[in-house]
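# Per-entry structural report
Spelled out from the first residue to the last, the chains are:
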Amino acid sequence: MNDHMQIPSALIERLRTAQSITVLTGAGVSAESGVPTFRDAQTGLWARYDPAELASPAAFRANPTLVWQWYAYRRSLVAAAMPNPGHLALADLERRIADFTLITQNVDGLHHRAGSQNVVELHGNLFRYRCFDDNEPVELTTAPPDDPPRCPRCGGLVRPDVVWFGEWLPSAAWRTAVASAERCELFLCIGTSGVVRPAADLPLIARSAGAYTVEINIAPGALDGRLNLHLYAPSGQLLPALMIAAFGAAA
Ligand code: OAD
């Protein structure tokens, strides 16, 4: 193992003994699957757009076709991607812990594809849809690539079932996330810049409630110095290394 991935024995011990673990993931956990993080430069045709300006109700109202096509592009990236060893290690960890909650800000569904079961999707999912007007779910077997289809109930435009800037998180998901942050013994915060609230509050809620809180990221960011332990390494390498250190087995 590289020096930069040396894992403190206190963390290994906590992983071995904890009855209750909560994990919060962000875009960084999918970076090694080839899915660009939210704040990465966009490539190709989309380079001139700021994601924050596409992911809002106002953007959709102004140009539904543009926003729909951007999400079609993101779905195509994710459909071609595979869960990486970090996703797989988290699915493995869940199988070993009695009370395990995986809260994700990611909309890519890669945790489910890796085998995780108890996943709280705080920001929705790219592959689900709802009506922009009546807000009810819409089932689509395939999403048309060019223009948003119409809601079969009210004729409103269909949008992806993801949380946009300026929108509330799904309230049941948020309540579940807070409850699991408050009751866990160990809280892992992985691959998130920690700047988008309220998700970024969860590690701090967990810490105030007495959990041992750990950040895993490639570089220091907004959470630096605010949790009990900060480990700076790619999650696709560090998480499998943690599993081997704690349980002696790869995922
Ligand atoms: P960001 O794109 O803001 O941050 C990604 C984080 O992952 C950064 O802190 C990187 O340093 C880190 N990172 C990159 N590669 C990594 C790797 N291999 N291993 C570990 N860490 C790595 O993504 P999020 O924090 O998820 O919200 O962004 C939060 C929310 O902001 C998103 O869910 C989205 C966006 O607005 C909505 O869509 C509502």
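In this text, all values refer to a predicted model and were calculated from it rather than measured experimentally.

## Observations regarding the nonpolar core
Ranked by internal contacts, the top residues of the largest apolar core, which has 30 residues, are Leu11, Ile21, Leu186 and Val214. Counting only elements with at least two residues in this core, the list comes to helix H1 (9-17), strand S1 (20-25), helix H6 (85-96), strand S2 (99-104), strand S7 (186-190), strand S8 (212-217), strand S9 (229-232) and helix H10 (235-247). The element that contributes the greatest number of residues to this core is H10, accounting for six residues. Ranked by size, the runner-up nonpolar core spans 19 residues in total, among them Ile103, Leu169, Ala181 and Phe187.

## Brief notes about the environment of arginine 226
Mapped onto the fold, arginine 226 is located in the loop between S8 and S9. Separated by 13 residues in sequence, arginine 226 and threonine 213 have C-alpha atoms that sit 9.0 Å apart. Every residue in contact with arginine 226, bar those within four places of it in the chain, is listed here: Leu204 and Arg207.

## Thoughts on the sheet that holds S9
Strand order across the open sheet formed by six strands is S3-S2-S1-S7-S8-S9, with parallel pairing between neighbours. In the strand order of this sheet, the two ends are held by strand S3 (119-121) and S9, each with one partner. On average, each strand axis in the sheet is tilted by 15° relative to the strand beside it, whichever way the strands run. Bridge count for S7 against S8 is five bridges, and the pairing is parallel.

## Some words on the packing of H1 against H10
Orientation of H1 relative to H10, taken along the N-to-C sense of each, is 75°, at an axis distance of 9 Å. One way to sum up the angle between H1 and H10 is to call them roughly perpendicular. Residues Leu11, Ile12, Leu15 and Arg16 of H1 form the contact with H10, whose participating residues are Leu242, Ala245, Ala246 and Phe247. In the contact of H1 with H10, the residues fall into seven nonpolar, no polar and one charged.

## Some points on empty space enclosed by the protein
Inspection of the entire model under this criterion finds two cavities of 30 Å³ or more. Estimated volume of the largest cavity: approximately 40 Å³. Leu15, Ala89, Leu90, Leu93, Leu188, Leu239, Leu242 and Met243 together form the lining of the largest cavity. Those elements that provide at least two residues to the lining of the largest cavity are H6 and H10. Residue composition of the lining of the largest cavity, by class: eight nonpolar, no polar and no charged.

## Some details on the sheet that holds strand S6 (residues 158-162)
Strand order in this open sheet of three strands is S5-S4-S6, and the pairing throughout is antiparallel. Because the sheet does not close on itself, it has two edges, and the strands there are strand S5 (137-138) and S6. Of the pairings in the sheet, the one linking strand S4 (residues 124-131) to S5 comprises two bridges and is antiparallel in character. Residue pairing across strands places arginine 130 opposite proline 137, the latter belonging to S5. Set on the sheet, helix H5 (residues 64-80) makes contact with S4 and S6; between it and S4 the angle comes to about 145°.

## Structural notes on the site of the ligand
Neighbouring the ligand are 20 residues, the closest being Ala27, Arg39, Thr192, Ser193 and Asn217. Between the ligand and glutamine 105 there is a distance of 3.2 Å, counted from an oxygen atom to a backbone nitrogen or oxygen. Against a free-state accessible area of 790 Å², the protein chains account for coverage of 89% of the ligand. Of the residues assigned to the shell around the ligand, the class counts are eight nonpolar, 10 polar and two charged.

## Description of the pattern of salt bridges
For the coordinates displayed, the defined rule picks out nine salt bridges. The residue arginine 16 makes a salt bridge to glutamate 13 at a minimum N-O spacing of 3.5 Å. Within this pair, arginine 16 and its partner glutamate 13 are both found in helix H1, separated by three residues, close to a single helical turn. For arginine 16, a relative accessible area of 45% translates into the label partly exposed. The class for glutamate 13 is partly exposed, based on a relative accessible area of 41%.

## So, the pairing of S4
For S4, a buried count of six out of eight residues is recorded, marking the element as mostly surrounded by other parts of the structure. Two strands pair when backbone bridges link them, and S4 and S6 are joined in this way by five bridges, in the antiparallel orientation. Paired with glycine 124 across the bridge in S6 is valine 162. What sits between S4 and S5 in their antiparallel hairpin is a turn of five residues, with asparagine 135 showing a positive phi close to 70°.

Definitions and cut-offs
- Residues numbered from 1 in each chain as written.
- Predicted model: local features only at pLDDT ≥ 70, side-chain atom pairs only at ≥ 80, totals over all residues.
- Heavy atoms only, no water.
- Core = buried A, V, L, I, M, F, W, Y, C linked by side-chain atoms within 4.5 Å.
- Buried < 20%, exposed > 50% of the residue type's maximum accessible area, 1.4 Å probe, protein only.
- Helix = DSSP H or I, 4+ residues; strand = E, 2+ residues; numbered from the N terminus.
- Contact = heavy atoms within 4.5 Å.
- Pairing = 2+ DSSP bridges.
- Axes fitted to C-alpha atoms, helices over the stretch in contact; angles between N-to-C directions.
- Parallel < 35°, antiparallel > 145°, perpendicular 65-115°, else oblique.
- Nonpolar A, V, L, I, M, F, W, Y, C, P; charged D, E, K, R; others polar.
- 1 Å grid on protein atoms, 1.4 Å probe; cavity = no way out; pocket = protein on both sides within 12 Å on 5 of 7 lines; lining within 4 Å.
- Points joined across faces, edges and corners; volume = space filled by probe spheres on them.
- Near = heavy atom within 4 Å.
- Polar contact = N/O pair within 3.5 Å; in protein donor to acceptor, adjacent residues only side chain to side chain.
- Areas by Shrake-Rupley, 256 points an atom, 1.4 Å probe, with all protein chains shown as cover.
- Salt bridge = Lys/Arg side-chain N within 4 Å of Asp/Glu carboxyl O.

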